[in-house]
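# Structural overview
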Amino acid sequence: MNMFKKEFLMKVKSIASWAISIFILMFAFMSLYPSFSADAGLLDEALANMPPELLAAFGMTDINLGTVAGYLGFVFLFIQICLAIQASNYGFGLVSIEERELTADFLLAKPVSRTQILTSKLLAALAALTITNLAVWLSTLLVLNLFNAGNEYHLTPFLWMLASILPFQLFFLSVGMVISLLVKRVRSVTPLSMALAFGMYMLVAFGDMLGQDSLELISPFRHFDASAILSRGGFDMPLVVINIAFSLLAIVGSYVLYKRRNIRSAI
Amino acid sequence: MSIIEVNHLTKYYGKARGIVDVSFDVEEGEIYGFIGPNGAGKSTTIRLFLSLIYPTSGCVKIFGKDCIEHGPEIRQDIGYLPSEVFYYEGMKVLDLLKYSASFYKKDCSQRLLELADFMELDLKRRIDDLSYGNKKKVGIVQGLLHQPKLIILDEPTSGLDPLMQQKFFNLIREENQRGATVFFSSHILSEVQKICNRVAIIKEGSIINIQDIKSLQKDNYKRIRLTANNLDAQRFSISGVNNLEQQNGSLSFLYKGDINSLMKLISQSELTDVTIEEPTLEEIFMHYYE
C-alpha cells in the first residue's frame, strides 16, 4: 500500500495535465461543431473532392462530419492519440525511470518482492489512467450537451466509445512496460511512447490508404476505431479479444521478465 | 553462526566478468572488510546479496536462508547503504525517511529522529537541494533506521567530511556493539584498517586473501627505513625483502621473514637513523596487487 500511494502521488501532476489538455482539446474542437453543422452540405462536398488516400490517412473515409457522431468520432481520434501517449509514458516509465535514476537500488533493498513492486506500480498507473478516463467521460458528456447544435444523437454508441478507453490504454501501458523490460536500459521515455503511439496509428492510417488490413490487426486504433464503434453502436468483438490478449500477454511477460531482471548499477 | 555464507558465487554480465568463484563467510558480530580497487567486483557481490542481480552460478545464504528464495524476509533485517545515493526527487528528507520506514514491520520513528539528529540532517529540506555529502547522510539514516541485524555498506564514506566520517564510524561501532554484523566494502584501506576485524581482498573478480586485520599487519611485514653513509642496496636484496628503494642515502623496504637475520645484516652498517614500523594496509595491499 505504501508503494502504491507513493507511485500514485508522483503521478498526480501528470494526471492533471493530461486531463486538462484533453478537456481543452475536446472543448475547442467541439465548439466549432455548431458552425460546421450549419454548413454540413458544403463541407461534405469539399471532402468528396479530396483524394480518397488523404481521407483514409486521417480516418475520414465514410465519415459524415455533419452529424454529431461523425464529428465527435473524428475528434476522438486525436483524443485517442493523447491517451495512447499517456498510457505508453506510464508503461515505458514504470520501472525504467527508477532504474535510470538509481532509486531501484533503494526500493529493491527493501523487504518486498519484485512481484509486489510491479503490482503496486501497475495498480498506481491504472488508477492514474482511470482518473484521466473519468475526465474524458465527463468532458465528452459535457461537450455533447453543450455543442450538439440541436442535432439528434443516440447516447449509447458514445458510451461504448468511452468504454473503449480502458482496454485501449491498458494495451499501451502493458506493451510499453514489456518493451522497457525487454531492453537493457531505457534512456528516455517520451520518444519511445511517441513512437509506439504514432506507430500504432500509422499502421491503421497506412493500412487504410493501401487498402490492406493484416497489419492493422495489432493496432488498438483499429480494435477501438471510434467511428466504427459509433456507427455500429458497439464493439467488434474479435478485435477486442485480440486487443485484450495482447495486453494480458504483455503483463504476464512483464512479471516473468521483471522477476528475472538484473538491476544495473550506476557504473 | 555465519550471517553471510557465500558459496562459489560467480556472476558474468554477458561475457563481461563480474566475479568468479567467490566464497567466504561472515560471522555474527563481525565487522567484515571487503577491499579492492574499482571494478574488482565489490558492488557486484553486494548486489548479489540483495538480489538486485542474480548469480550465474553459486549461491548466497544470509541468516542461513537463501538470499533469492527468502529475499523479502531476510531484507527485513538488512540495512543497505549504496555507493551512489539517489533518491526520489521532489521528496522532502522526512518524507523519504518515512517512506523507507514504512517497509519495515517495527516502528522506526523514534530511531529515525535520533539518527537524523546525530548525523545533523535537516529533515525539512528537499532532497534535490542537498549536497552530495548530505544525500549520503540521508542514505546512512535510511539504512540504519530499522536497527538491522546486518548492515551492508558500499563505499560509505565518500562525500563525508572527516568529522562526519568519524561520527559515522562511531555509529557503526555502536551498532556493532548492539549486535549488528557489518559488511564494509571500500577501496580506502585506512578506513577498513580502522574499523574491521577481518578483511577479504578482491582482485579482478576473485578473492585473493582473507585475513585477520591484526595478523595481516603484524605477523607478516615490517616497514624498515635505514639512513647511513655508503649504504649498499645490493646487500639488502635478500629473500623476504620487497619494494627496495634507495633515496638520498636512505634505504626503505618491506620485510617478511626472520627478524634476527635481518638485524645482523643491518648491524654491519654504520647507521645514522633507523625506523621499523608496521606497514600500512595500503603497502601490504599494493604488494598483493603486484
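Rules used throughout
Residues numbered from 1 in each chain as written. Chains lettered and ligands numbered in written order. Predicted model: local features only at pLDDT ≥ 70, side-chain atom pairs only at ≥ 80, totals over all residues. Helix = DSSP H or I, 4+ residues; strand = E, 2+ residues; numbered from the N terminus. Buried ≥ 20, exposed ≤ 12 C-beta atoms within 10 Å, placed from the backbone. Contact = placed C-beta atoms within 7 Å. Rg over C-alpha atoms; globule rule 2.2 N^0.38 Å. Nonpolar A, V, L, I, M, F, W, Y, C, P; charged D, E, K, R; others polar. Pairing = 2+ DSSP bridges. Axes fitted to C-alpha atoms, helices over the stretch in contact; angles between N-to-C directions. Core = buried A, V, L, I, M, F, W, Y, C linked by C-beta atoms within 7 Å. Right-handed = clockwise from strand over helix to strand, strands pointing away. Parallel < 35°, antiparallel > 145°, perpendicular 65-115°, else oblique. Left-handed = near helix turned anticlockwise from the far one by under 90°. pLDDT = per-residue confidence, 0-100.

On a plain count of helices and strands, chain B comes out with 10 helices and 14 strands. Overall, chain B is about 70 × 40 × 35 Å in size when its C-alpha atoms are taken along their principal axes. With 290 residues in all, chain B has 37% of them scored as buried. When contacts within chain B are restricted to residue pairs at least 6 apart in sequence, long-range pairs at least 24 apart make up 69% of them.

With that settled, the discussion passes to the overall build of chain A. From N to C terminus, chain A includes 13 helices and zero strands. When the helices and strands of chain A are read in sequence order from the N terminus, they spell out α-α-α-α-α-α-α-α-α-α-α-α-α. Its C-alpha atoms give chain A a radius of gyration of 20 Å, near enough to 18 Å, the size a compact globule of 267 residues would have. Dimensions of chain A along its principal axes, counting C-alpha atoms only, are 65 × 35 × 30 Å. For chain A, the proportion of its 267 residues judged to be buried stands at 40%. Once local pairs closer than 6 in sequence are excluded, the contacts in chain A between residues at least 24 apart make up 80%.

For the rest of this paragraph, the subject is the interface of chain B and chain A. Taken together, the 21 residues of chain B in the interface contact 18 residues of chain A. Elements with a contribution of two residues or more to the side of chain B that touches chain A: helix H1 (42-49) and helix H2 (71-75) of chain B. Sorting elements by how many residues they give to the side of chain B that touches chain A places H2(B) first, with four residues. Across the side of chain B that touches chain A, the residue classes break down as 13 nonpolar, four polar and four charged.

A few words on the sheet that holds strand E6 (residues 78-81) of chain B. Residues and elements named next belong to chain B. Strands sit in the order E6-E7-E8-E3-E9-E10 across an open sheet of six strands; the sheet is mixed. Where the open sheet ends on each side, the last strands, each with one partner, are E6 and strand E10 (206-212). Ignoring which end each strand starts from, the neighbouring axes of this sheet average 15° apart. Of the strands in this sheet, E6 and strand E7 (150-154) are in contact with helix H5 (residues 132-144), which crosses E6 at around 170°.

All right, on to the nonpolar core then. Across soluble globular proteins, nonpolar side chains show a tendency to be buried alongside one another. In this structure, B:Phe49, B:Ile62, B:Val141, B:Ile152, B:Val182, B:Phe183 and B:Phe184 are the most contacted members of the largest nonpolar core, which totals 125 residues. Among the elements that line this core, the one with the most residues is helix H5 (residues 68-100) of chain A, at 14 residues. Apart from residues lying up to four places away in sequence, B:Ile62 is in contact with B:Ile3, B:Ile4, B:Phe49, B:Cys67, B:Ile74 and B:Leu150. Counting residues in each nonpolar core, the second largest holds six residues, with B:Leu226, B:Leu251, B:Phe253 and B:Leu262 among its members.

Quick look at the pairing of strand E8 (residues 181-186) of chain B now. All names here are of chain B. Counted residue by residue, E8 has six buried out of six residues, so it is predominantly covered. Side chains of E8 alternate between two faces, with Thr181, Phe183 and Ser185 and Val182, Phe184 and Ser186 buried alike. Where E7 meets E8, five bridges bridge the pair, whose relative direction is parallel. Pairing of Ile152 across the sheet is with Phe183, part of E8. The parallel pair E7 and E8 is bridged by helix H6 (residues 162-177), and the resulting crossover is right-handed.

All names here are of chain A. Their axes nearest at 11 Å, the elements helix H9 (residues 165-182) and helix H10 (residues 189-210) cross at an angle of 130°. In terms of their interaxial angle, H9 and H10 are classed as oblique. Handedness of the H9/H10 crossing: right-handed. Here Phe172, Val175 and Gly176 of H9 come into contact with H10, specifically with Ser193, Leu196 and Ala197. By residue class, the composition of the contact of H9 with H10 is four nonpolar, two polar and no charged.

Right, let's get into the environment of A:Gly66. All names here are of chain A. Residue placement: Gly66 occurs in the loop between helix H4 (52-57) and H5. Residue classification places Gly66 among the partly exposed positions, given that 19 C-beta atoms sit within 10 Å. Taking C-alpha positions, Gly66 is 32 Å from Phe171, a pair spaced 105 residues apart along the chain. When sequence neighbours within four positions are dropped, the list of residues in contact with Gly66 reads Ser37, Ala40, Leu43 and Asp44.

On to unusual backbone geometry, then. Residue and element names in this part refer to chain B. Even without a glycine there, the phi angle at His8 is positive, about 45°. If you trace the backbone, His8 turns up in strand E1 (residues 2-13). Here Glu120, not a glycine, exhibits a phi torsion of approximately 55°, which is positive. One can find Glu120 in the loop between helix H4 (109-118) and H5. Residue classification places Glu120 among the exposed positions, given that 11 C-beta atoms sit within 10 Å.

Below, the discussion takes up the pairing of strand E4 (residues 57-62) of chain B. All names here are of chain B. Bridge analysis of E1 against E4 gives five bridges, and the strand direction is antiparallel. Within E4, the residue paired with Ile4 across the bridge is Ile62. Pairing analysis gives two bridges linking E4 to strand E5 (residues 65-66), with the strands arranged antiparallel. Across the sheet, the residue bridging to Lys61 is Asp66, located in E5.

This paragraph deals with the sheet that holds strand E12 (residues 241-247) of chain B. All names here are of chain B. Strands sit in the order E12-E13-E11-E14 across an open sheet of four strands; the sheet is antiparallel. Lying at the two open borders of the sheet, with one neighbouring strand each, are E12 and strand E14 (271-277). On average, adjacent strands in this sheet sit at an angle of 10° to one another, irrespective of strand direction. In this structure, strand E11 (residues 222-228) lies alongside E14, joined through six bridges in antiparallel fashion. Bridging across to E14, Thr227 finds its partner in Asp273.

Moving on, we come to the confidence of the model for chain B. For residues with low pLDDT, the predicted coordinates do not support detailed interpretation. Across chain B, pLDDT averages 86, with 95% of residues at or above 70. Helix H10 (residues 281-289) of chain B is the least confidently modelled element of chain B, averaging 65 in pLDDT, while E7(B) averages 93, the highest of any element.

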